[in-house]
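Structural description and commentary
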Amino acid sequence: MKRVFEKVKPDSRIIIGYSTSLFLLLVVYVVTLVANNKLKEKTKLVEHTYQVKLDLESLLSRIKDAETGVRGFAITKNSDFLEPYYHSQENVDSLYKILWNASYDNPVQRMHLAELKDSYDKRFIVFERYLAYIRNGQIDTAYKIIDQQLIAKRIMNNIRRVVNMMQKEETKLLEERDKNQKATFASINTITITSLLLTLVLVIIGFVSYTSESRARKTALQNIKDYQQQLSNRIDELNNVNAQLMQMRSMEKFAATGRIARTIAHEVRNPLTNIDLASSQLKADLDSKDENLSYYFDVIDRNSTRINKLISDLLQTTKFSELNFSSISVNNLIDDTLALAKDRIELNQVQLTKEYKDDIVINVDADKMKIAFLNIIINAVEAMQPGKGKLKIVTKKEEGNCVVIISDNGSGMDETSLSKLFEPYFTNKQNGNGLGLANTQNVIFNHKGNITVSSKPGEGSSFKITLPAS
(Lines give C-alpha, C1' and ligand atoms only; values in the text may rest on other atoms or scores of the structure.)
Protein backbone atom coordinates (compact mmCIF):
# COMPACT_ATOMS: atom_id res chain seq x y z
CA MET A 1 0.00 0.00 0.00
CA LYS A 2 2.85 2.32 0.81
CA ARG A 3 4.36 1.70 -2.63
CA VAL A 4 1.02 2.49 -4.27
CA PHE A 5 0.83 5.90 -2.51
CA GLU A 6 4.43 6.60 -3.49
CA LYS A 7 3.57 5.92 -7.18
CA VAL A 8 0.50 8.13 -7.04
CA LYS A 9 2.32 10.95 -5.22
CA PRO A 10 3.55 13.54 -7.73
CA ASP A 11 7.28 14.06 -8.20
CA SER A 12 8.43 17.02 -6.13
CA ARG A 13 10.56 18.23 -9.05
CA ILE A 14 7.46 18.58 -11.22
CA ILE A 15 5.62 20.42 -8.49
CA ILE A 16 8.55 22.79 -8.09
CA GLY A 17 8.86 23.17 -11.86
CA TYR A 18 5.18 23.98 -12.42
CA SER A 19 5.08 26.25 -9.39
CA THR A 20 8.12 28.12 -10.64
CA SER A 21 6.61 28.38 -14.13
CA LEU A 22 3.40 29.83 -12.75
CA PHE A 23 5.39 32.20 -10.55
CA LEU A 24 7.46 33.39 -13.53
CA LEU A 25 4.27 33.81 -15.54
CA LEU A 26 2.81 35.93 -12.78
CA VAL A 27 6.01 37.98 -12.60
CA VAL A 28 5.96 38.59 -16.37
CA TYR A 29 2.29 39.54 -16.26
CA VAL A 30 2.78 42.00 -13.37
CA VAL A 31 5.93 43.53 -14.89
CA THR A 32 4.30 43.88 -18.31
CA LEU A 33 1.17 45.42 -16.80
CA VAL A 34 3.22 47.96 -14.85
CA ALA A 35 5.37 48.67 -17.89
CA ASN A 36 2.33 49.21 -20.09
CA ASN A 37 0.90 51.69 -17.62
CA LYS A 38 4.21 53.55 -17.59
CA LEU A 39 4.33 53.51 -21.38
CA LYS A 40 0.83 54.99 -21.54
CA GLU A 41 1.91 57.73 -19.14
CA LYS A 42 5.00 58.43 -21.20
CA THR A 43 2.91 58.47 -24.37
CA LYS A 44 0.71 61.16 -22.84
CA LEU A 45 3.83 63.15 -21.93
CA VAL A 46 5.11 62.85 -25.50
CA GLU A 47 1.74 64.08 -26.79
CA HIS A 48 1.93 66.93 -24.28
CA THR A 49 5.39 67.93 -25.59
CA TYR A 50 4.26 67.94 -29.22
CA GLN A 51 1.18 70.00 -28.32
CA VAL A 52 3.25 72.58 -26.42
CA LYS A 53 5.62 72.97 -29.38
CA LEU A 54 2.69 73.31 -31.76
CA ASP A 55 1.01 75.93 -29.52
CA LEU A 56 4.27 77.89 -29.35
CA GLU A 57 4.49 77.90 -33.14
CA SER A 58 0.86 79.03 -33.36
CA LEU A 59 1.47 81.86 -30.84
CA LEU A 60 4.48 83.11 -32.81
CA SER A 61 2.52 82.81 -36.05
CA ARG A 62 -0.35 84.94 -34.64
CA ILE A 63 2.08 87.71 -33.69
CA LYS A 64 3.64 87.55 -37.17
CA ASP A 65 0.17 87.75 -38.76
CA ALA A 66 -0.60 90.85 -36.68
CA GLU A 67 2.68 92.44 -37.74
CA THR A 68 1.98 91.66 -41.41
CA GLY A 69 -1.53 93.13 -41.17
CA VAL A 70 -0.26 96.36 -39.61
CA ARG A 71 2.42 96.70 -42.28
CA GLY A 72 -0.13 96.16 -45.05
CA PHE A 73 -2.45 98.79 -43.54
CA ALA A 74 0.42 101.27 -43.13
CA ILE A 75 1.33 100.89 -46.81
CA THR A 76 -2.14 100.79 -48.40
CA LYS A 77 -4.38 102.44 -45.76
CA ASN A 78 -6.76 99.57 -46.58
CA SER A 79 -8.41 98.34 -43.38
CA ASP A 80 -8.86 94.86 -44.90
CA PHE A 81 -5.21 94.22 -44.08
CA LEU A 82 -6.03 94.60 -40.36
CA GLU A 83 -8.35 91.58 -40.37
CA PRO A 84 -5.69 89.19 -38.98
CA TYR A 85 -4.63 91.86 -36.45
CA TYR A 86 -8.00 92.45 -34.82
CA HIS A 87 -8.24 89.03 -33.15
CA SER A 88 -4.53 88.34 -32.90
CA GLN A 89 -4.01 89.52 -29.29
CA GLU A 90 -7.08 87.64 -28.11
CA ASN A 91 -5.81 84.48 -29.84
CA VAL A 92 -2.31 85.00 -28.46
CA ASP A 93 -3.67 85.42 -24.92
CA SER A 94 -5.77 82.27 -25.35
CA LEU A 95 -2.71 80.28 -26.47
CA TYR A 96 -0.71 81.77 -23.58
CA LYS A 97 -3.30 80.53 -21.07
CA ILE A 98 -3.19 77.07 -22.60
CA LEU A 99 0.62 77.00 -22.38
CA TRP A 100 0.54 78.34 -18.81
CA ASN A 101 -1.84 75.58 -17.70
CA ALA A 102 0.16 72.94 -19.58
CA SER A 103 3.38 73.91 -17.76
CA TYR A 104 1.99 73.79 -14.22
CA ASP A 105 4.76 71.39 -13.12
CA ASN A 106 7.64 73.10 -14.96
CA PRO A 107 8.87 76.29 -13.22
CA VAL A 108 11.49 76.89 -15.93
CA GLN A 109 8.88 76.99 -18.67
CA ARG A 110 6.61 79.22 -16.59
CA MET A 111 9.50 81.65 -16.14
CA HIS A 112 9.96 81.68 -19.93
CA LEU A 113 6.21 82.19 -20.41
CA ALA A 114 6.20 85.20 -18.09
CA GLU A 115 9.01 86.75 -20.13
CA LEU A 116 7.19 85.87 -23.36
CA LYS A 117 3.96 87.58 -22.22
CA ASP A 118 5.82 90.72 -21.19
CA SER A 119 7.46 90.90 -24.63
CA TYR A 120 4.37 90.38 -26.75
CA ASP A 121 2.35 92.82 -24.60
CA LYS A 122 4.97 95.47 -25.39
CA ARG A 123 4.76 94.55 -29.08
CA PHE A 124 0.99 95.02 -29.20
CA ILE A 125 1.30 98.38 -27.39
CA VAL A 126 3.58 99.60 -30.21
CA PHE A 127 1.04 98.32 -32.77
CA GLU A 128 -1.84 100.19 -31.10
CA ARG A 129 0.13 103.44 -30.79
CA TYR A 130 1.18 103.30 -34.43
CA LEU A 131 -2.36 102.57 -35.69
CA ALA A 132 -3.84 105.33 -33.49
CA TYR A 133 -1.58 107.94 -35.06
CA ILE A 134 -2.48 106.81 -38.57
CA ARG A 135 -6.24 106.73 -37.89
CA ASN A 136 -6.10 110.23 -36.35
CA GLY A 137 -4.33 111.58 -39.41
CA GLN A 138 -1.10 112.22 -37.51
CA ILE A 139 1.01 110.86 -40.34
CA ASP A 140 4.14 112.79 -39.32
CA THR A 141 3.96 111.41 -35.81
CA ALA A 142 3.34 107.95 -37.22
CA TYR A 143 6.44 108.20 -39.35
CA LYS A 144 8.39 109.20 -36.27
CA ILE A 145 7.27 105.94 -34.67
CA ILE A 146 9.31 104.20 -37.36
CA ASP A 147 12.33 105.19 -35.34
CA GLN A 148 11.02 102.89 -32.65
CA GLN A 149 11.00 99.93 -35.02
CA LEU A 150 14.44 99.01 -33.74
CA ILE A 151 12.87 98.61 -30.30
CA ALA A 152 10.02 96.60 -31.85
CA LYS A 153 12.53 94.45 -33.69
CA ARG A 154 14.40 93.73 -30.46
CA ILE A 155 11.10 92.83 -28.82
CA MET A 156 10.26 90.47 -31.68
CA ASN A 157 13.73 88.92 -31.58
CA ASN A 158 13.31 88.39 -27.84
CA ILE A 159 9.95 86.70 -28.47
CA ARG A 160 11.58 84.36 -30.99
CA ARG A 161 14.42 83.69 -28.57
CA VAL A 162 12.07 82.79 -25.73
CA VAL A 163 9.96 80.56 -28.00
CA ASN A 164 13.14 78.84 -29.23
CA MET A 165 14.32 78.29 -25.63
CA MET A 166 10.95 76.79 -24.67
CA GLN A 167 10.98 74.49 -27.70
CA LYS A 168 14.50 73.36 -26.87
CA GLU A 169 13.39 72.67 -23.29
CA GLU A 170 10.47 70.58 -24.57
CA THR A 171 12.78 68.77 -27.01
CA LYS A 172 15.16 68.00 -24.16
CA LEU A 173 12.28 66.60 -22.10
CA LEU A 174 11.16 64.57 -25.11
CA GLU A 175 14.65 63.07 -25.55
CA GLU A 176 14.80 62.12 -21.89
CA ARG A 177 11.37 60.49 -22.07
CA ASP A 178 12.33 58.64 -25.24
CA LYS A 179 15.49 57.37 -23.57
CA ASN A 180 13.51 56.13 -20.56
CA GLN A 181 10.99 54.53 -22.88
CA LYS A 182 13.70 52.58 -24.72
CA ALA A 183 15.12 51.40 -21.41
CA THR A 184 11.67 50.20 -20.37
CA PHE A 185 11.30 48.24 -23.61
CA ALA A 186 14.71 46.63 -23.11
CA SER A 187 13.82 45.61 -19.54
CA ILE A 188 10.53 44.09 -20.64
CA ASN A 189 12.21 42.07 -23.39
CA THR A 190 14.93 40.82 -21.05
CA ILE A 191 12.50 39.75 -18.32
CA THR A 192 10.11 38.14 -20.82
CA ILE A 193 12.78 36.17 -22.71
CA THR A 194 14.51 35.02 -19.51
CA SER A 195 11.23 33.94 -17.94
CA LEU A 196 10.18 32.19 -21.14
CA LEU A 197 13.43 30.21 -21.34
CA LEU A 198 13.26 29.17 -17.70
CA THR A 199 9.62 28.21 -18.00
CA LEU A 200 10.22 26.18 -21.18
CA VAL A 201 13.08 24.30 -19.51
CA LEU A 202 10.93 23.47 -16.50
CA VAL A 203 7.97 22.40 -18.65
CA ILE A 204 10.20 20.15 -20.80
CA ILE A 205 11.58 18.45 -17.68
CA GLY A 206 8.05 17.78 -16.45
CA PHE A 207 6.93 16.56 -19.88
CA VAL A 208 9.84 14.07 -20.21
CA SER A 209 9.33 12.78 -16.65
CA TYR A 210 5.61 12.09 -17.09
CA THR A 211 5.16 11.13 -20.75
CA SER A 212 3.26 8.03 -19.61
CA GLU A 213 0.63 10.12 -17.84
CA SER A 214 -1.72 11.64 -20.42
CA ARG A 215 -3.39 13.90 -17.89
CA ALA A 216 -0.09 15.42 -16.84
CA ARG A 217 0.94 15.74 -20.48
CA LYS A 218 -2.30 17.52 -21.40
CA THR A 219 -1.98 19.80 -18.40
CA ALA A 220 1.57 20.71 -19.37
CA LEU A 221 0.57 21.39 -22.97
CA GLN A 222 -2.36 23.48 -21.84
CA ASN A 223 -0.08 25.47 -19.55
CA ILE A 224 2.25 26.12 -22.46
CA LYS A 225 -0.62 27.26 -24.69
CA ASP A 226 -1.97 29.53 -21.98
CA TYR A 227 1.46 31.00 -21.41
CA GLN A 228 2.01 31.54 -25.13
CA GLN A 229 -1.39 33.18 -25.42
CA GLN A 230 -0.62 35.53 -22.58
CA LEU A 231 2.73 36.35 -24.14
CA SER A 232 0.95 36.97 -27.44
CA ASN A 233 -1.46 39.31 -25.66
CA ARG A 234 1.44 41.20 -24.14
CA ILE A 235 3.08 41.46 -27.55
CA ASP A 236 -0.19 42.74 -29.02
CA GLU A 237 -0.31 45.39 -26.32
CA LEU A 238 3.25 46.45 -27.11
CA ASN A 239 2.36 46.56 -30.82
CA ASN A 240 -0.60 48.80 -30.02
CA VAL A 241 1.70 51.15 -28.12
CA ASN A 242 4.10 51.14 -31.06
CA ALA A 243 1.20 51.97 -33.41
CA GLN A 244 0.31 54.93 -31.21
CA LEU A 245 3.91 56.14 -31.38
CA MET A 246 3.85 55.81 -35.17
CA GLN A 247 0.65 57.86 -35.24
CA MET A 248 2.29 60.56 -33.12
CA ARG A 249 5.25 60.62 -35.51
CA SER A 250 2.74 61.18 -38.36
CA MET A 251 1.19 63.99 -36.36
CA GLU A 252 4.63 65.50 -35.78
CA LYS A 253 5.39 65.27 -39.51
CA PHE A 254 2.04 66.90 -40.28
CA ALA A 255 2.69 69.66 -37.75
CA ALA A 256 6.19 70.24 -39.20
CA THR A 257 4.70 70.53 -42.69
CA GLY A 258 2.23 73.08 -41.35
CA ARG A 259 5.02 75.12 -39.77
CA ILE A 260 6.95 75.13 -43.04
CA ALA A 261 3.80 76.11 -44.95
CA ARG A 262 3.11 79.02 -42.62
CA THR A 263 6.71 80.19 -42.87
CA ILE A 264 6.60 80.04 -46.67
CA ALA A 265 3.28 81.89 -46.72
CA HIS A 266 4.64 84.59 -44.44
CA GLU A 267 7.90 85.01 -46.38
CA VAL A 268 6.25 84.91 -49.83
CA ARG A 269 3.15 87.00 -49.27
CA ASN A 270 5.02 90.01 -47.93
CA PRO A 271 7.11 90.56 -51.11
CA LEU A 272 4.11 89.49 -53.22
CA THR A 273 2.04 92.27 -51.64
CA ASN A 274 4.79 94.75 -52.51
CA ILE A 275 4.84 93.45 -56.10
CA ASP A 276 1.04 93.89 -56.39
CA LEU A 277 1.23 97.41 -54.98
CA ALA A 278 4.10 98.37 -57.26
CA SER A 279 2.30 96.86 -60.29
CA SER A 280 -0.89 98.78 -59.49
CA GLN A 281 1.05 102.03 -59.09
CA LEU A 282 2.94 101.51 -62.36
CA LYS A 283 -0.27 100.63 -64.17
CA ALA A 284 -1.85 103.87 -62.91
CA ASP A 285 1.18 106.02 -63.80
CA LEU A 286 1.91 104.58 -67.25
CA ASP A 287 -0.17 104.82 -70.41
CA SER A 288 -2.93 102.21 -70.00
CA LYS A 289 -3.74 102.36 -73.73
CA ASP A 290 -0.47 100.68 -74.64
CA GLU A 291 -1.48 97.07 -75.42
CA ASN A 292 1.99 95.68 -74.68
CA LEU A 293 2.02 97.23 -71.19
CA SER A 294 -1.50 95.98 -70.51
CA TYR A 295 -0.44 92.48 -71.53
CA TYR A 296 2.55 92.48 -69.17
CA PHE A 297 0.45 93.87 -66.30
CA ASP A 298 -2.11 91.10 -66.91
CA VAL A 299 0.69 88.50 -66.77
CA ILE A 300 1.87 89.92 -63.42
CA ASP A 301 -1.68 89.95 -62.00
CA ARG A 302 -2.47 86.40 -63.15
CA ASN A 303 0.72 84.92 -61.77
CA SER A 304 0.41 86.85 -58.51
CA THR A 305 -3.13 85.54 -58.10
CA ARG A 306 -1.94 82.01 -58.88
CA ILE A 307 0.84 82.19 -56.26
CA ASN A 308 -1.63 83.49 -53.68
CA LYS A 309 -4.00 80.62 -54.47
CA LEU A 310 -1.21 78.03 -54.18
CA ILE A 311 -0.26 79.44 -50.78
CA SER A 312 -3.89 79.48 -49.63
CA ASP A 313 -4.41 75.87 -50.77
CA LEU A 314 -1.25 74.76 -48.96
CA LEU A 315 -2.26 76.53 -45.74
CA GLN A 316 -5.77 75.10 -45.95
CA THR A 317 -4.31 71.60 -46.36
CA THR A 318 -1.99 71.82 -43.36
CA LYS A 319 -3.96 73.73 -40.74
CA PHE A 320 -6.36 72.59 -38.04
CA SER A 321 -9.68 74.08 -39.11
CA GLU A 322 -12.91 74.64 -37.23
CA LEU A 323 -15.44 71.83 -37.49
CA ASN A 324 -19.23 71.80 -37.40
CA PHE A 325 -19.89 68.53 -35.59
CA SER A 326 -23.09 66.54 -36.01
CA SER A 327 -24.08 62.94 -35.32
CA ILE A 328 -24.50 60.81 -38.44
CA SER A 329 -24.47 57.14 -39.42
CA VAL A 330 -21.18 56.24 -41.03
CA ASN A 331 -23.05 54.07 -43.55
CA ASN A 332 -25.24 57.01 -44.60
CA LEU A 333 -22.13 59.20 -44.83
CA ILE A 334 -20.45 56.67 -47.17
CA ASP A 335 -23.61 56.39 -49.30
CA ASP A 336 -23.82 60.19 -49.64
CA THR A 337 -20.16 60.26 -50.71
CA LEU A 338 -20.70 57.48 -53.25
CA ALA A 339 -23.62 59.46 -54.70
CA LEU A 340 -21.18 62.30 -55.41
CA ALA A 341 -18.84 59.89 -57.23
CA LYS A 342 -21.62 57.93 -58.97
CA ASP A 343 -21.03 59.34 -62.45
CA ARG A 344 -17.30 58.62 -62.34
CA ILE A 345 -17.84 55.10 -61.00
CA GLU A 346 -20.38 54.29 -63.74
CA LEU A 347 -18.28 55.92 -66.46
CA ASN A 348 -15.28 53.70 -65.57
CA GLN A 349 -17.55 50.64 -65.14
CA VAL A 350 -16.25 49.99 -61.62
CA GLN A 351 -17.75 47.06 -59.70
CA LEU A 352 -18.75 48.42 -56.27
CA THR A 353 -19.05 46.17 -53.21
CA LYS A 354 -20.31 47.44 -49.84
CA GLU A 355 -19.94 45.47 -46.60
CA TYR A 356 -21.60 47.42 -43.82
CA LYS A 357 -21.05 45.18 -40.79
CA ASP A 358 -22.13 47.71 -38.16
CA ASP A 359 -24.30 50.81 -38.33
CA ILE A 360 -22.08 53.12 -36.27
CA VAL A 361 -22.97 56.68 -35.33
CA ILE A 362 -20.05 59.11 -35.44
CA ASN A 363 -19.79 62.75 -34.42
CA VAL A 364 -18.08 64.54 -37.33
CA ASP A 365 -18.21 67.48 -39.71
CA ALA A 366 -20.19 65.68 -42.43
CA ASP A 367 -19.19 67.98 -45.30
CA LYS A 368 -15.47 67.75 -44.59
CA MET A 369 -15.59 63.96 -44.08
CA LYS A 370 -17.38 63.59 -47.42
CA ILE A 371 -14.51 65.46 -49.07
CA ALA A 372 -11.97 63.22 -47.30
CA PHE A 373 -13.71 59.98 -48.37
CA LEU A 374 -14.37 61.36 -51.86
CA ASN A 375 -10.64 62.04 -52.42
CA ILE A 376 -9.83 58.42 -51.58
CA ILE A 377 -12.65 56.99 -53.72
CA ILE A 378 -11.78 59.12 -56.76
CA ASN A 379 -8.09 58.17 -56.46
CA ALA A 380 -9.12 54.51 -56.31
CA VAL A 381 -11.33 54.84 -59.41
CA GLU A 382 -8.58 56.60 -61.36
CA ALA A 383 -6.01 53.95 -60.34
CA MET A 384 -8.09 51.10 -61.85
CA GLN A 385 -8.49 50.09 -65.48
CA PRO A 386 -11.93 50.96 -66.92
CA GLY A 387 -14.17 47.91 -67.00
CA LYS A 388 -11.91 45.89 -64.69
CA GLY A 389 -12.02 47.92 -61.49
CA LYS A 390 -13.30 46.51 -58.20
CA LEU A 391 -13.98 48.95 -55.39
CA LYS A 392 -14.78 47.54 -51.93
CA ILE A 393 -15.91 49.56 -48.91
CA VAL A 394 -16.19 48.02 -45.44
CA THR A 395 -17.47 49.65 -42.25
CA LYS A 396 -17.12 47.98 -38.87
CA LYS A 397 -16.40 48.57 -35.21
CA GLU A 398 -13.02 47.78 -33.67
CA GLU A 399 -12.15 48.35 -30.01
CA GLY A 400 -14.92 50.92 -29.66
CA ASN A 401 -13.83 52.89 -32.76
CA CYS A 402 -15.41 53.25 -36.18
CA VAL A 403 -13.30 51.74 -38.97
CA VAL A 404 -13.79 52.38 -42.70
CA ILE A 405 -11.72 50.38 -45.21
CA ILE A 406 -11.64 51.46 -48.87
CA SER A 407 -9.87 48.96 -51.16
CA ASP A 408 -9.23 48.78 -54.90
CA ASN A 409 -7.49 46.47 -57.37
CA GLY A 410 -5.66 49.27 -59.15
CA SER A 411 -2.02 49.77 -60.02
CA GLY A 412 -0.87 49.99 -56.39
CA MET A 413 2.14 51.86 -55.02
CA ASP A 414 5.76 51.12 -54.16
CA GLU A 415 7.41 51.86 -50.79
CA THR A 416 8.75 55.22 -51.97
CA SER A 417 5.32 56.45 -53.01
CA LEU A 418 3.76 55.15 -49.79
CA SER A 419 6.26 57.07 -47.66
CA LYS A 420 5.42 60.36 -49.44
CA LEU A 421 1.71 59.72 -50.00
CA PHE A 422 0.36 62.42 -47.66
CA GLU A 423 2.99 65.06 -48.43
CA PRO A 424 1.63 68.22 -50.10
CA TYR A 425 2.24 68.44 -53.86
CA PHE A 426 3.33 64.79 -54.15
CA THR A 427 1.37 63.05 -56.90
CA ASN A 428 1.79 60.42 -59.61
CA LYS A 429 -1.00 61.93 -61.72
CA GLN A 430 -0.22 64.05 -64.77
CA ASN A 431 -2.86 66.66 -63.91
CA GLY A 432 -2.91 66.27 -60.11
CA ASN A 433 -1.89 68.98 -57.66
CA GLY A 434 -0.88 66.62 -54.84
CA LEU A 435 -3.15 68.21 -52.22
CA GLY A 436 -6.10 65.79 -52.18
CA LEU A 437 -4.72 63.14 -49.81
CA ALA A 438 -2.88 65.76 -47.76
CA ASN A 439 -6.23 67.46 -47.19
CA THR A 440 -7.81 64.06 -46.40
CA GLN A 441 -5.19 63.40 -43.71
CA ASN A 442 -5.75 66.90 -42.32
CA VAL A 443 -9.53 66.31 -42.01
CA ILE A 444 -9.04 62.94 -40.30
CA PHE A 445 -6.45 64.33 -37.87
CA ASN A 446 -8.86 67.19 -37.11
CA HIS A 447 -11.38 64.54 -36.03
CA LYS A 448 -8.78 62.85 -33.78
CA GLY A 449 -8.72 59.91 -36.16
CA ASN A 450 -6.02 57.99 -37.98
CA ILE A 451 -5.40 56.84 -41.56
CA THR A 452 -3.07 54.05 -42.72
CA VAL A 453 -2.39 52.66 -46.18
CA SER A 454 -1.24 49.26 -47.40
CA SER A 455 -0.35 48.78 -51.05
CA LYS A 456 1.75 46.71 -53.45
CA PRO A 457 2.53 47.48 -57.10
CA GLY A 458 0.04 45.70 -59.35
CA GLU A 459 -2.12 44.47 -56.44
CA GLY A 460 -4.07 47.60 -55.52
CA SER A 461 -4.30 49.70 -52.38
CA SER A 462 -6.28 49.68 -49.14
CA PHE A 463 -6.98 52.75 -46.99
CA LYS A 464 -8.00 52.19 -43.36
CA ILE A 465 -9.62 55.16 -41.62
CA THR A 466 -10.22 54.97 -37.85
CA LEU A 467 -12.55 57.49 -36.20
CA PRO A 468 -13.87 57.75 -32.64
CA ALA A 469 -17.39 56.34 -32.38
CA SER A 470 -20.06 58.67 -31.01
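See above for the structure.
Presented here is an overview of the structure given in this document. (Residues numbered from 1 in each chain as written. Predicted model: local features only at pLDDT ≥ 70, side-chain atom pairs only at ≥ 80, totals over all residues. Heavy atoms only, no water.)

1. A few points about the packing of helix 4 (residues 88–102) against helix 5 (residues 107–135)
Where we set the bar: Only the contacting stretch of a helix is used when fitting its axis, a line to C-alpha atoms as for every element, and angles between N-to-C directions run 0 to 180 degrees. Secondary structure elements follow DSSP: runs of H or I no shorter than four residues count as helices, runs of E no shorter than two count as strands, and numbering proceeds from the N terminus. Just so you know how the angles are binned, under 35 degrees is roughly parallel, over 145 roughly antiparallel, 65 to 115 roughly perpendicular, and the rest oblique. By the convention used here, residues are in contact when the closest approach between their heavy atoms is within 4.5 Å. Each residue receives one of three labels: charged for Asp, Glu, Lys and Arg, nonpolar for Ala, Val, Leu, Ile, Met, Phe, Trp, Tyr, Cys and Pro, and polar for the others, Gly being one of them.
Packing of helix 4 against helix 5 leaves a shortest axis separation of 11 Å and a crossing angle of 175 degrees. Here helix 5 runs roughly antiparallel to helix 4, going by the angle between their axes. On helix 5, the residues that touch Ser-88, Gln-89, Val-92, Asp-93, Tyr-96, Leu-99, Trp-100 and Asn-101 of helix 4 are Arg-110, Leu-113, Ala-114, Lys-117, Tyr-120, Asp-121 and Phe-124. When grouped by side-chain class, the residues that make up the contact of helix 4 with helix 5 number 8 nonpolar, 3 polar and 4 charged.

2. A short note on the packing of aromatic side chains
Counted only if it meets this: Under the pairing criterion, centres of Phe, Tyr and Trp rings, with the six-membered ring standing for Trp, must be within 6.5 Å; the plane angle then separates stacked pairs below 30 degrees from edge-to-face pairs above 60, leaving the rest tilted. For each residue, the accessible area found with a 1.4 Å probe, counting protein chains only, is set against the maximum for its type, and the residue is called buried under 20%, exposed over 50%, and partly exposed in between. Here, a charge over a ring is recorded when the distance from Lys NZ or Arg CZ to the ring centre is within 6 Å and its angle to the ring normal is within 35 degrees.
Tallied over the entire structure, the rule returns 3 aromatic pairs. Taken together, a centroid distance of 6.3 Å and an interplanar angle of 90 degrees make the contact between Tyr-120 and Phe-124 edge-to-face. Placement of both Tyr-120 and Phe-124 in helix 5 is noted, with a separation of 4 residues, approximately one turn of the helix. Phe-124 matches Tyr-120 in its accessibility class, with the two residues each being buried. An aromatic cluster is built from Tyr-96, Trp-100, Tyr-120 and Phe-124, whose rings are joined through pairwise contacts. Positioned above the aromatic ring of Tyr-96 is the side chain of Lys-117, whose terminal nitrogen or guanidinium carbon lies 5.3 Å from the ring centre.

3. Let's talk about the nonpolar core
Put simply, the rule reads: Buried Ala, Val, Leu, Ile, Met, Phe, Trp, Tyr and Cys residues form a nonpolar core when they are joined through side-chain atoms within 4.5 Å.
Ranked by size, the top nonpolar core spans 38 residues in total, and within it Ile-362, Val-404, Ile-406 and Ile-465 carry the most contacts. Elements that contribute at least two residues to this core include exactly helix 10 (330–340), strand 3 (361–364), helix 12 (366–383), strand 4 (390–398), strand 5 (401–408), helix 14 (436–446) and strand 7 (460–468). If one sorts the elements of this core by residue count, helix 12 sits on top with 10 residues. Leaving out residues up to four positions away in the same chain, Ile-362 has contacts with Ser-326, Ser-327, Ile-328, Val-330, Leu-333, Cys-402, Leu-467, Pro-468, Ala-469 and Ser-470.

4. Let's talk about unusual backbone geometry
The backbone of Gln-349 sits at a positive phi, close to 55 degrees, despite the residue not being glycine. By the element assignment, Gln-349 lies in the loop between helix 11 (342–347) and strand 2 (351–356). In the Ramachandran plot, Glu-399 falls in the positive-phi region, its phi being about 50 degrees despite a non-glycine side chain. Along the polypeptide, Glu-399 turns up in the loop between strand 4 and strand 5. Judged by its relative accessible area of 74%, Glu-399 is exposed.

5. Considering the side chain of Glu-169
Applied cut-off: Two residue types count as positive, namely Lys and Arg, and two as negative, namely Asp and Glu; His and chain ends fall outside the count. What counts as a salt bridge is simple: a side-chain nitrogen of Lys or Arg found within 4 Å of a carboxyl oxygen of Asp or Glu.
Summarising the element assignment, Glu-169 is placed in helix 7 (residues 149–209). Buried Glu-169, no salt bridge; nearest opposite-charge side chain is Lys-172, N-O distance 5.3 Å. With residues near it in sequence (within four places) discarded, Glu-169 still touches Asn-106 and Gln-109.

6. Points about the sheet that holds strand 2
This is how it is decided: We call two strands paired when DSSP finds no fewer than two bridges between them.
Sheet architecture is open: 5 strands sit in the order 2-4-5-7-6, paired in mixed fashion. Looking at strand neighbours, the two that pair on one side only are strand 2 and strand 6 (450–456), the edges of this open sheet. In this sheet, adjacent strand axes meet at a mean angle of 15 degrees when their direction is disregarded. Pairing geometry for strand 2 and strand 4, over 6 bridges, is parallel. Looking at strand 4, one finds that Leu-352 is bridged to Leu-391. Across the sheet, helix 10 lies against strand 2, strand 4 and strand 5, angled at about 165 degrees from strand 2, the strand it touches most. Packed onto the sheet, helix 12 meets strand 4, strand 5, strand 6 and strand 7 and runs at close to 25 degrees relative to strand 5.

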